[in-house]
Amino acid sequence: MIELKNVNKNYEVNKNNIVNALQNINISIQEGELFVLKGASGSGKSTVLSLIAALSKPTSGEVIVDAKQISKLPDNFASEYRRDNIGFIFQKYNLIPTLSVSENILLPLVPLNLPAQEAQQKLQRVMKMFDISHKAEAVVKNLSGGEQQRVAIARANVNDPKIIIADEPTANLDERLSLSFIEILKELKALKKTIVIATHDPLFFNLDCVDREIELHKGNILS
Amino acid sequence: MILTPEVLAIFILNTIFAFFATIAFVLSVKIFLHWNIKSVSQSQYKLEKQSYLSATIIKYIFAIKVPLFLFFIFTLDKISKVITGAMCGAGVVDATPYGTYLLILKVINLYVFAYWLMLNSVDMKNEEQPYTKLKFGIYIIAFFLLMGELVLEGVMFNSIDIDKMVSCCGTIYSSTASSYISNIFSIDTGMLLFLFYGTYVLIMLFALLKNKYLFSIANLFFIIISIIAIIVFFGTYIYQLPTHHCPFCFLQKDYYYVGYLIYIFLFLGTFYGVIVAFIDAKKEQMQRDTKISLVFNTLLVLLLSAYPLIYYIKNGVWL
Amino acid sequence: MRSKINFYLIEYALNALLREKYKSFFIMSIFTLLTFLLTSVFFITNSIKYELQSTVDTLPQIIVQKIKAGRHYDIDESVVDDVLDIAGVDDAVARVWGYYYFENAGVNFSIVGIDAYEKQYKKSFENIIEDFDFATLEQTPSMVVGRGVKEIMKQSYYDEYFNFIKPDGSLKRVDVAGVFDGQTQLESNDMIVMPKETLKEIFGMDEMQATDIVVKVKNPQEVSTVAAKIKLIYPDTRIITTQDLQISYQNIFDYKSGIFLALFVIAIFTFFIIIYDKASGLSSEEKREIGILKAIGWKIDDILKEKFYEAFILSLFAYLLGVILALLYVYLFQAPILRDIFVGYSQLKTSFELPFIFDLHTLFLVFFLSVPVYVAAIIIPSWKIATLEADEVIR
Ligand SMILES: Nc1ncnc2c1ncn2[C@@H]1O[C@H](COP(=O)(O)OP(=O)(O)OP(=O)(O)O)[C@@H](O)[C@H]1O
Ligand SMILES: [Mg+2]
C-alpha cells in the first residue's frame, strides 16, 4: 500500500552544496505490516518518513500510497491526506507543553470543527486505549516521560489513521518504557495498522512482531 | 481638497491596499507565467507558497473593502453636511466629475473581488487546482481596476471644493434635469415595473429550468433594472414624496438606514446569480449559489414592493 | 465562505496568545494606547464642536455695527426701522451695552441696558424683567446686579447704591434694586442690567443712538442674503453673522485637529512597523509548534486562519479597552492635558464641561484606523510562519 519508486531527494543547503539524502530508493510496504528502517545517523531514515507523510516532496520519483500519487499533492491536500491517513509519533513527543492532555490529543481535530459530541467520543476512545483517561485535564509539562509518550501515541491515533509513523520513538525512553512501547505497537498491529518505524535502537532488531527490516546507508538501501 | 478624519482614514487604508496589492500583483504575474502543477521543481514549490500570500492579501483587501464601502457612503453623507447645497451623498458624488465613475468602479470592483474569492475557493477544493492560472490572471486585471479606484478616490476627494455650491439630489435625480441620469425618467413607469417583476419571474424560471447561462444574464440585467426602478419608482414610496428620487437619501437615519439593506440584498442576490455561469463548480455548490441568489433577490423584491403596498393600504391611493 | 465559527480554533488562538504572554501584552498595550488616543481626540473634538454649535446658536444671527474711521461707533436707532422692512427679517433690536472699569477693585463690569417693553434678545433678560419692575427702576435710577458684582461692590462699601463716573467727569448715582443669579458663572460675576435711558447717560451716549443692532431672521438659510441687503443700504456698517463666527472658530479648530491628523499618520505608520517587527520575531518554540501542527494535518490555511483569529481576539479586545478608557478619560475626568491642547477654544470661553456626545460614527472611524492596520501588519509574518518547512520537527 505504500510504494516509493526510484525516489531521489536532494537538499539544497546553498548553490554549491547539495546534499544527496536519498538515492534511487525503492521500497514497498504492505498493508498491516510493521516495517523497521534502520541505519546510522544521517542515513536518510527521517527523510523517507517525511516523504511517506507528504511533509516533503521527492526531487524525483514517485511516492504512492493507496494507489494515490501523494508526491504531487498541493499543500492543502497533502495536509488533508496526512490528517486522514497518518498518525505521527515523534522522538521528542512534540506535545504542546502548556496545554492539557485532552487538548493535545484533540489538536489534529481542531481544523475539522467537529460537533462537540463526536470529538469527545474520539477523545475518550483513545484515552482509554492508551490508559491516560485519569490525566485528561493535567497539563502536559507536568507529566512523566512515559505518560507524555502515551499522550503522543493517543494523539497519533485520534483520527484512527491507517498508517502509523514513528521516528526514533524510544530514543528518550528507558528500557522498561521502551518495552511497554513495543507492547503498544503490538496492540496497534492487532488493529491492522500499517506501522513504519525509523530507529537505530537494537531493541527492535529481530523482534518477532516486526515483519521486515531495511537498513539505509548514506541514502542507499543495504540489502 | 477636503481632509476630514474620515477621508484621512480612507487614504491611509488605500495606501495599505496599494502596497499589498502591488506585492500580490508581482507574485501573480510570476505565478501566471510560470505555474505548472505537474512540476516538482523547487521553483514551483516556491510559487505554490507565494500563491498563498497573494490569496491572503486579496482576501484581506476584500474583507476590509466591503465594510469600507459602507463607511465610504457614510462619509459622503457626512461630508454633504459641510458642502453647501448638498443634502446627501448624491450631492458629493455629483460635486466633481469623478464621483460617478468612482462609485461605478467601486461597485464593479466589489463584484470582481467577490468573483475572485469564489474562483479561489473552488480552485482550492480541487487537487489539480485547475483555475490557478486563470484566477491570478484575473487578479492582474483586478489590480489595475483597484489601482484605478484608489487613484480616482484620491483625485475626487482632492478636487472637492467646500466653498463651491453643488446640486442637491433633488435636482440631480429629477425628470426635468438635463443630465444623462434624467434619461431614465423617460421610461414609462408601467413598462419599468413590468420589466422589474418580469426579470424577477424570469430568474425564477431559469432557475427551475436549470439553465445557468440564462440565469446569469437575467441576474446581470436585474442589477441595472433594479437600480433604475429604485430611482424612478420605489424611492418615491420610501420617501413618500412623488418628486424625491434620490438613491442615496434612504441610506440616512431618517429612513432607518433601509438603503443599506436594499443594496446588500441586491448585491448578494445578483452576485450569486451572475457567478454561476462563470465558475465551473460542483453541482451542489451551484445549487447552493442559485438558492442564495433566489433568496436575496426575493427578499429585495419583497422589501421594495412592501413600500408602495403599505402606502396604498394606509392612504388608499398611489403616489 | 464557510458559515460555522470554529470555536476550537478560537480556543486554541486564545491559548496561543496566553502562551506568548509578554509579546501579546506588549502588542496589546501599544494597540490600546493608539485606540485610546484616537478615540479621545475624536471625542474631545466632537464635544467641543457640539459646544461650539450650541454657543453659536444662542448668539444673534446678525449683528450690525457702525464703522467710522475703522473703529466701532454708535449707530442710529432709526436703522432698526429700515432693517425691519427687509423681507425675511423677523425682528431687530437696538442694543445698548458696554464695559465699565471699576478702578477700586480693578475689575471690568459689563453693563447691559434693556427696555421692559422691547422683545428681549436673550433669555436671561426675560427672567430679570419678570422678577423686577423696570418701570419703577427708570424713575429712581436703579439697576439689577449679578451676585458676584454685588460682592465686589460691597468690598468698596457700596451696598445700597453705586456712583458711576460719566465721561464728562461728573458722578451718576444708581441704586441697587436687586440681585440676580446668572445662568453662567461668567454672567453673575460681571454683569449689571439697568434701563437703557440710565445707561446711555452713564456712557454719555446720544438719545437716539445705540451700541449695535441685532437682527433675527426667520429662515436660517437666508441669513447671508439679509446680511448682504443691510450692507447695501448702509455701506458704513460691519455685519457679523453667526456663520462668520462659526467659520472662524472652525478654522482655529480645524487647524489644531489638522496637526493631530498629521501626527496620527505618523503614529499609525509607526504602529504598523512595530507590529510587523514583533510578529516577525519567532521563538524556536513557536516554530516547533507550527511544525507539529502541520505534521498532524493542519493546512496552511488553517494556520493562517488561526493567526487571524489571534489577531482578531487581540485587536478587538484592545480596541474595546481603548474606547472604554477614552470614554472614562474624556467624560469622567474631563480629559486633563489633552483638552488644554485645544486651548484656542478654551480661551474663547473660560469654563465649560465637555458634553457627552456619543457618536457611533467615531467608533467606526477609530475601528478603521486601527484594526485593519494591525491585520495588515501581520499578513506577511503570518504567511511566513504558515509556510515554514514542517519536516524539521521530525528531525
Ligand atoms: N533540511 C535539510 N537541509 C539540508 N540537509 C538536510 C536537511 N534535512 C536532512 N538533511 C541531510 O540529509 C541527510 C539525511 O537526513 P535524515 O534526517 O533523513 O537522517 P536520519 O537517518 O534520520 O538521521 P538521524 O538518525 O540522525 O535522525 C543528512 O545528511 C542530513 O544532514
Ligand atoms: Mg532522523
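I will try to describe carefully the structure that is included in this document. Each chain has its residues counted from 1, following the order in which its sequence is written. Chains carry letters and ligands carry numbers; both start at the beginning, A for chains and 1 for ligands, and go up in the order they are written. Thresholds applied to this predicted model are a pLDDT of at least 70 for local features of residues and 80 or more for the giving and counting of side-chain atom pairs; totals over whole chains, interfaces and linings are not thresholded and use all residues. Excluding hydrogens and water, the side-chain figures rest on all heavy atoms present in the structure.

A look at helix 5 (residues 145-157) of chain A
For helix 5 of chain A, built from 13 residues, the straight-helix expectation of 18 Å at 1.5 Å per residue is met to within 8% by its first-to-last C-alpha distance of 19 Å. Among the 13 residues that make up helix 5 of chain A, eleven are buried, leaving the element largely enclosed by the rest of the structure. Regarding helix 5 of chain A, the residues found buried are A:Gly146, A:Glu147, A:Gln148, A:Gln149, A:Val151, A:Ala152, A:Ile153, A:Ala154, A:Arg155, A:Ala156 and A:Asn157. Residue contacts are defined here by distance: any two heavy atoms, one from each residue, within 4.5 Å place the two residues in contact. Here a helix means four or more residues in a row that DSSP labels H or I, a strand means two or more in a row labelled E, and each is numbered from the N terminus. Packed against the buried residues of helix 5 of chain A are strand 6 (86-89), helix 3 (101-106), helix 4 (116-129), strand 7 (163-167) and helix 6 (175-190) of chain A together with helix 11 (284-295) of chain C. The span expected for a helix works out to 1.5 Å for each residue beyond the first. Relative accessible area decides the class of each residue, using a 1.4 Å probe on protein chains only: under 20% of the type maximum gives buried, over 50% gives exposed, and in between gives partly exposed.

Side note on the sheet that holds strand 7 of chain A
All names here are of chain A. A pair of strands is labelled paired if DSSP reports no fewer than 2 bridges between them. In spatial order, the strands read 6-7-8-3-9-10; together these six strands make up an open sheet with mixed pairing. Two strands bound the open sheet, and with one partner strand each, they are strand 6 and strand 10 (220-222). Taking each pair of neighbouring strands and ignoring which way they run, the sheet shows an average axis angle of 25°. The strands touched by helix 6 within the sheet are strand 3 (34-39), strand 6, strand 7 and strand 8 (194-198), with strand 8 carrying the most contacts at an inclination of about 150°. Between the N-to-C directions of two axes lies an angle of 0 to 180 degrees, each axis being a line fitted to C-alpha atoms and, for a helix, fitted only over the stretch in contact.

Here's the deal with the sheet that holds strand 5 (residues 68-69) of chain A
All names here are of chain A. The strand order across the open sheet formed by four strands is 2-1-4-5, and the pairing between neighbours is antiparallel. Every interior strand has two partners, whereas the edge strands, strand 2 (17-29) and strand 5, have only one. Where strand 1 (residues 2-14) lies against strand 4 (residues 60-65), five bridges are found, and the strand directions are antiparallel. Of the residues in strand 4, the one forming a bridge with Lys5 is Glu62.

Thoughts on the pattern of salt bridges
Salt bridges are defined as contacts in which a side-chain nitrogen from Lys or Arg sits within 4 Å of a carboxyl oxygen from Asp or Glu. As enumerated under the stated definition, the model contains 29 salt bridges over all chains in all. A salt bridge links A:Glu80 to C:Lys299; its shortest N-O distance comes to 2.6 Å. In this pair, A:Glu80 is assigned in helix 2 (residues 75-85) and C:Lys299 in the loop between helix 11 and helix 12 (300-332), connecting two distinct chains. As a salt-bridge pair, C:Lys66 and C:Asp236 come within 2.7 Å of each other at their nearest N and O atoms. Residue C:Lys66 is located in strand 1 (residues 62-68), and its partner C:Asp236 is located in the loop between helix 9 (223-233) and strand 12 (237-241); the two are separated by 170 residues in the primary sequence.

Some points on the site of ligand 1
The nearness test applies per residue and asks whether one of its heavy atoms lies within 4 Å of the molecule or strand. Neighbouring residues of ligand 1: 14 residues in total, closest A:Ser41, A:Gly42, A:Lys45, A:Ser46 and A:Thr47. Residues lining ligand 1 come from chains A and C. One of the backbone nitrogen or oxygen atoms of A:Ser43 is found 3.2 Å away from an oxygen atom of ligand 1. Here a polar contact is recorded for every N or O atom pair within 3.5 Å, except that within protein the pair must consist of a potential hydrogen donor and a potential acceptor, and residues adjacent in sequence are included only if both atoms are side-chain atoms. Backbone polar atom of A:Gly44 to an oxygen atom of ligand 1: 3.0 Å apart, as the coordinates give it. For the area figures, the Shrake-Rupley method with a 1.4 Å probe applies, and any residue is considered shielded solely by the protein chains shown. Summarising the interface, the protein chains cover 73% of the accessible area of ligand 1, which totals 640 Å² for the free molecule. For the shell around ligand 1, the secondary-structure elements that each account for two or more residues are strand 1, strand 2 and helix 1 (45-52) of chain A. At three residues, helix 1 of chain A tops the list of elements feeding residues into the shell around ligand 1. All residues other than Ala, Val, Leu, Ile, Met, Phe, Trp, Tyr, Cys, Pro, Asp, Glu, Lys and Arg, Gly among them, are scored as polar; the first ten of these are nonpolar and the last four charged. Here the residues of the shell around ligand 1 are counted per class, giving five nonpolar, six polar and three charged.

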